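Geometric and topological summary
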Amino acid sequence: MSSNNMIPGDKKPERAKDRHSSLVRLMILMKPYTGTLIICAICVLIVNLAELGKPYVAKIIIDDFLVGGQAQHGLYSITGMAVMYFVVALLGAAFSMTQVRLMARLSQNILNTMRQKVFDKILHMTMKALDKYGTGRLITRSTNDVETINEFYSDVFLNLFKDVFLLAGIIVVMFIMDWQLALVAMIGVPIIFGITFSMKRIIKRNFKQIKQLIGRINGFFAENISGMKVIQAFNRQSDKLEEFRDLNKKYYHRTMMQVFLNSFLRPVMEVVNSLIIALLIWYGYGRISGGTLQVGVLYAFTNYVKQFFNPINDLAEKYTTIESALVSTERIYEVLDEPSVEDLAEGTHGGPVQGTVEFKDVWFAYNEGDWILKGISFKVEKGQKIAFVGHTGAGKSTIINLISRYYTIQKGQILVDGIPVEQWKLKDLRQGVSTVMQDVFLFTGTVADNLDMHASLDRPTMERALAISDADDFVNSIGGLEAPVIEQGFNFSTGQRQLLSFARAIAHDPAILVLDEATAHIDTNTEELVQKSIENISKGRTSIFIAHRLSTIENCDQIFVIDDGQIRERGTHQQLYDLGGIYYGLIKAQVEEKQPAGAQP
C-alpha cells in the first residue's frame with residue numbers, strides 16, 4: 001500500500017506488522033544452522049551457571065569459614081572453594097570463547113548468503129525498478145544494512161538469550177537465598193524498563209533517518225565521483241563540497257542524537273544500580289545487626305545485583321542495535337521482495353533472432369500519463385539499415401530500450417521476427433540484439449573480459465571482432481586481449497573505448513545491431529576510423545542508428561524523424577532533404593555549426 005492510499009489509523013499496525021515480520025525473517029535465516037545454535041545455547045547455559053556459581057562460592061567462604069568457623073576438609077575448605085572458584089571461572093571463559101567463535105561463523109554464513117541474494121536480486125531487477133531505487137540506496141542496502149544485521153547476529157542474538165537466562169537465574173537464586181533482599185533488589189527494574197521502552201520510538205525513528213542519509217551520501221559519492229571530470233571542467237568543486245557539507249551535517253546531527261540516546265541509558269542504569277546496592281547495604285546492615293542475615297548473603301546479593309544490572313544494561317544498549325537491525329531488515333527485504341524482476345527463461349518463443357523489427361501503434365510512458373512515445377509505427381526488414389533522428393528528448397533512445405524489452409509498453413505491440421517481444425524468452429531476445437551506447441562502460445579486468453562478458457567466447461572469435469571493428473591495431477600495441485582495463489576504461493581514449501564497444505557487440509554475433517549516438521563524443525580525426533568500423537560491423541545485420549551527426553546515416557535504407565514522441569517524417573536521406581521539413585532543418589543547423597563565424601553557408 002502506498003503512502004498516498006494509507007489512512008492515518010492504519011500506520012501504526014502496519015509498522016508493528018513490518019517489525020514483527022522483520023524479526024521473524026531474522027529468525028528464519030538461522031533455521032539451516034539449528035545444530036550450531038543448540039551448541040551455542042548449551043555453551044551460554046554453562047557460562048551463565050558459572051556466573052551464578054561464583055558469588056555463591058564466595059558466600060560459602062565468608063559465612064561458613066571466615067564467620068562461622070566451620071571445620072575444613074577436602075573441597076569443603078577455603079583452599080577447595082578457591083580452586084572451585086577458579087575452575088568455574090575457567091570453564092565459563094572456555095565455553096564463552098567457543099560460543100563466540102561458533103556464533104561468528106554462523107553470522108558470517110548468513111551474511112554471505114544474504115549479500116549474494118541481494119546482488120542476485122539487483123542483477124535481475126527491471127530497469128524501472130532500478131530507476132526507482134537509485135544507485136545510492138541499493139549500495140546502502142547491500143553494504144551498510146547487511147553489516148548492521150551482522151551486529152545483530154554476532155553481538156546481540158545469543159547475548160540476548162544469555163542475558164535473559166542470566167536475569168532469570170539471578171532472580172531465582174536471590175529469592176532462594178533471601179526473598180526480602182530480593183524484593184529490595186527488584187525496586188529498580190520497573191524504572192529501567194520504563195525509561196528504555198519510552199525511548200524506543202525515538203530510537204527507531206532516528207535509525208530510519210540515519211539509514212536514509214547513508215543512502216543519500218552513498219548516492220552522492222557514486223554520482224559525483226563518476227562525474228568528477230564534469231565538476232572540474234565547470235569549476236564546481238566548491239558548490240559540490242557545500243552540497244556535501246549540508247548532507248554530512250544532517251548525518252552528523254542524526255548520529256550525535258544516537259550517541260546521546262545510547263550514552264543516556266548506561267549512566268541511568270549505573271545510577272539505579274548504585275541506588276539499589278546502597279539500599280541493600282542499608283537494609284542488610286540492620287538485619288545483620290539483628291542477627292537475621294548473614295554477611296556472606298549480603299555480599300553475594302551485592303554481587304548478584306551488579307550481575308543483574310549488567311544484562312539489563314546490555315539489553316538497553318542492545319535494544320538500539322535490535323531496532324537498527326529491524327530497520328535494516330525491512331530495507332533489505334524491500335529489495336528482495338521487489339516484484340519487478342526479469343526472468344530470462346520466461347516466454348514461449350526461443351531460438352536465434354533473425355532480424356525483423358516492427359512497432360505497431362506503440363505508446364509508452366516512464367511515468368503514468370507522461371507519454372514519451374505516441375503511436376509509433378514502423379517496420380525494419382532483416383538486413384536493413386534504418387536511423388532515428390530528432391531533438392534531445394524526442395524519444396529516440398526509448399525506442400531501442402523497448403526493442404530489448406528493458407521496459408514494458410502500455411499500448412500497442414512490438415514484434416521481433418513477427419513474434420511479440422513479450423512472448424520471446426528474454427535471454428534469446430537479448431542475445432540477438434546488441435546495443436552500443438554513446439557512453440561506453442568498460443569493466444575492470446582485461447580486454448578479453450570486456451569482450452567475452454562470461455560468454456566463453458574463444459580467442460579467434462574475439463580477435464576477429466577486434467579486426468572487424470578496427471580496434472585490433474591499438475589493442476595489439478598495448479598487449480592484445482590480455483591488456484588491462486582500469487575502472488570504466490579510463491586508460492583508453494573516448495574513441496578507443498567506442499571501438500572496443502563495437503568489438504564487444506560484434507563478438508556476440510547479434511542479428512540486430514543498435515548504435516545509440518555512437519559518434520556523439522568522437523572528435524573529427526577519430527570519426528573517420530569509427531565510421532569505417534560502423535560500416536564493417538553493420539554488414540549483413542539489421543542495423544538501427546540513433547544519429548547525432550547526420551552525415552553518418554546518409555546511406556541508411558530509411559530514416560525516421562522523431563518529434564514529441566511521434567514519427568513526423570520518414571524516407572531516405574535524399575527524400576527527406578528534398579522535402580525541406582524537420583530533417584532538412586536539422587542538416588542545415590549542423591552545417592552552420594561547423595562553419596567558421598562570418599562564413600557564408
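The structure we're discussing is the one just above.
Here's what I pulled together on the structure shown here. Since we're looking at a predicted model, the values are computed, not measured.

**Describing the packing of helix α16 (residues 459-468) against helix α18 (residues 494-507)**
Between α16 and α18, the shortest axis-to-axis distance is 8 Å and the interhelical angle comes to 130 degrees. Of the possible angle classes, the one that applies to α16 and α18 is oblique. As for how α16 packs across α18, the hand of that crossing is right-handed. Residues Thr 461, Ala 465, Leu 466 and Ile 468 of α16 touch α18, and the partners they reach there are Leu 500, Ala 503, Ile 506 and Ala 507. Of the residues in the contact of α16 with α18, the class split is seven nonpolar, one polar and no charged.

**Some remarks on the nonpolar core**
In this structure, Val 389, Val 447, Ile 553 and Tyr 583 are the most contacted members of the largest nonpolar core, which totals 41 residues. Discounting chain neighbours no more than four positions away, the residues touching Val 389 are Lys 396, Ala 547, Leu 550, Ile 553, Ile 559, Phe 560, Val 561, Ile 562, Tyr 583 and Leu 586. By size, the runner-up hydrophobic cluster in this structure holds 34 residues, among which are Ile 386, Ala 394, Tyr 407 and Val 433.

**Observations concerning the packing of aromatic side chains**
Taken as a whole, this structure holds 13 aromatic pairs when the rule is applied. If you follow Lys 411 out to its NZ or CZ, it ends over the ring of Trp 363, 5.1 Å from the centre.

**Quick look at the sheet that holds strand β2 (residues 371-380)**
An order of β2-β1-β4-β5 is seen for the four strands of this open sheet, with the pairing classed as antiparallel. Two strands lie at the open edges of the sheet, namely β2 and β5 (419-420), each paired on one side alone. Sheet topology note: the strand β4 (residues 411-416)/β5 ladder contains two bridges and is antiparallel. Counted as the bridge partner of Leu 415 is Pro 420 from β5. Against the sheet, helix α13 (residues 396-403) makes contact with β1 (357-365), β2 and β4, and its axis sits at roughly 115 degrees relative to β1, the strand it touches most.

**Details of α13**
The buried count for α13 comes to six of eight residues, which makes it a mostly enclosed element. Among the residues of α13, those classed as buried are Lys 396, Thr 398, Ile 399, Ile 400, Leu 402 and Ile 403. After α13 finishes, the residue Arg 405 shows a positive phi value of roughly 60 degrees.

**What about the sheet that holds strand β10 (residues 542-546)?**
Taken in spatial order, the six strands make up an open sheet running β6-β9-β10-β3-β11-β12, and their pairing is mixed. Whereas interior strands pair on both sides, the edge strands pair on one side only; in this sheet they are β6 (433-436) and β12 (566-571). Each strand of the sheet is rotated relative to its neighbour by a mean of 20 degrees, with strand direction disregarded. Each of β6 and β9 (512-516) is contacted by α18, which is oriented at about 180 degrees to β6, the strand it contacts most.

**Quick word on the pattern of salt bridges**
Under the defined criterion, the tally for this structure stands at 14 salt bridges. The partner of Glu 334 in a salt bridge is Arg 141, and the shortest N-O contact between them spans 2.9 Å. Linking Glu 334 in helix α12 (residues 295-336) with Arg 141 in helix α5 (residues 135-142), this pair joins segments that are 193 residues apart in sequence. What you see here is one network of salt bridges that share partners, running through Arg 459, Glu 463 and Glu 482.

**What to know about the side chain of Thr 126**
Relative to the elements of secondary structure, Thr 126 occurs in the loop between α3 (78-123) and α4 (127-133). Contact partners of Thr 126, with chain neighbours within four places excluded, come to Ser 340, Val 341 and Glu 342.

**Brief notes about the environment of Arg 497**
Position of Arg 497 among the secondary structure elements: in helix α18. Residue classification places Arg 497 among the buried positions, given a relative accessible area of 13%. Taking C-alpha positions, Arg 497 is 7.7 Å from Leu 442, a pair spaced 55 residues apart along the chain. The contact partners of Arg 497, leaving out residues within four places of it in the chain, are Val 440, Leu 442, Gln 488, Gly 489, Phe 490 and Phe 492. Polar contacts involving the side chain of Arg 497 include one to the main-chain carbonyl oxygen of Phe 492, which spans 2.8 Å.

**Structural notes on the packing of helix α2 (residues 34-67) against α3**
The contact between α2 and α3 brings their axes to 8 Å, and the two run at 160 degrees. Relative to α3, the element α2 lies roughly antiparallel. Handedness of the α2/α3 crossing: left-handed. In the contact of α2 with α3, the residues fall into 24 nonpolar, five polar and one charged.

**With respect to a nonpolar patch on the surface**
A cluster of nonpolar side chains, Val 83, Phe 86, Val 87, Leu 90 and Leu 91, forms an exposed patch at the surface whose accessible area comes to about 470 Å². The residue Leu 90 is located in helix α3 in this model.

**Concerning the pairing of β9**
Where burial is concerned, most of β9 is hidden: five out of the five residues are buried. Covered by surrounding structure in β9 are Ile 512, Val 514 and Asp 516 together with Leu 513 and Leu 515, the residues of both alternating faces. Sheet topology places β6 next to β9; four bridges connect them, and they run parallel. What sits directly across from Ser 434, in β9, is Leu 513.

**As for α18**
For α18, which comprises 14 residues, the first-to-last C-alpha distance of 20 Å matches the rise-based estimate of 20 Å (1.5 Å per residue) to within 8%. Of all 14 residues in α18, twelve are buried, a share of seventy percent or more. Restricting attention to buried positions, one finds in α18 the residues Gly 495, Arg 497, Gln 498, Leu 499, Leu 500, Ser 501, Phe 502, Ala 503, Arg 504, Ala 505, Ile 506 and Ala 507. Where α18 terminates, the next one or two residues include Asp 509, which has phi positive at roughly 50 degrees.

Analysis parameters
- Residues numbered from 1 in each chain as written.
- Predicted model: local features only at pLDDT ≥ 70, side-chain atom pairs only at ≥ 80, totals over all residues.
- Heavy atoms only, no water.
- Axes fitted to C-alpha atoms, helices over the stretch in contact; angles between N-to-C directions.
- Helix = DSSP H or I, 4+ residues; strand = E, 2+ residues; numbered from the N terminus.
- Parallel < 35°, antiparallel > 145°, perpendicular 65-115°, else oblique.
- Left-handed = near helix turned anticlockwise from the far one by under 90°.
- Contact = heavy atoms within 4.5 Å.
- Nonpolar A, V, L, I, M, F, W, Y, C, P; charged D, E, K, R; others polar.
- Core = buried A, V, L, I, M, F, W, Y, C linked by side-chain atoms within 4.5 Å.
- Buried < 20%, exposed > 50% of the residue type's maximum accessible area, 1.4 Å probe, protein only.
- Phe/Tyr/Trp six-rings, centres within 6.5 Å; stacked < 30°, edge-to-face > 60°.
- Lys NZ or Arg CZ within 6 Å of the ring centre and 35° of its normal.
- Pairing = 2+ DSSP bridges.
- Salt bridge = Lys/Arg side-chain N within 4 Å of Asp/Glu carboxyl O.
- Polar contact = N/O pair within 3.5 Å; in protein donor to acceptor, adjacent residues only side chain to side chain.
- Patch = residues over 30% accessible without salt bridge, like charges linked within 9 Å, V, L, I, M, F, W, Y side chains within 5 Å.
- Areas by Shrake-Rupley, 256 points an atom, 1.4 Å probe, with all protein chains shown as cover.
- Expected span 1.5 Å × (residues − 1).

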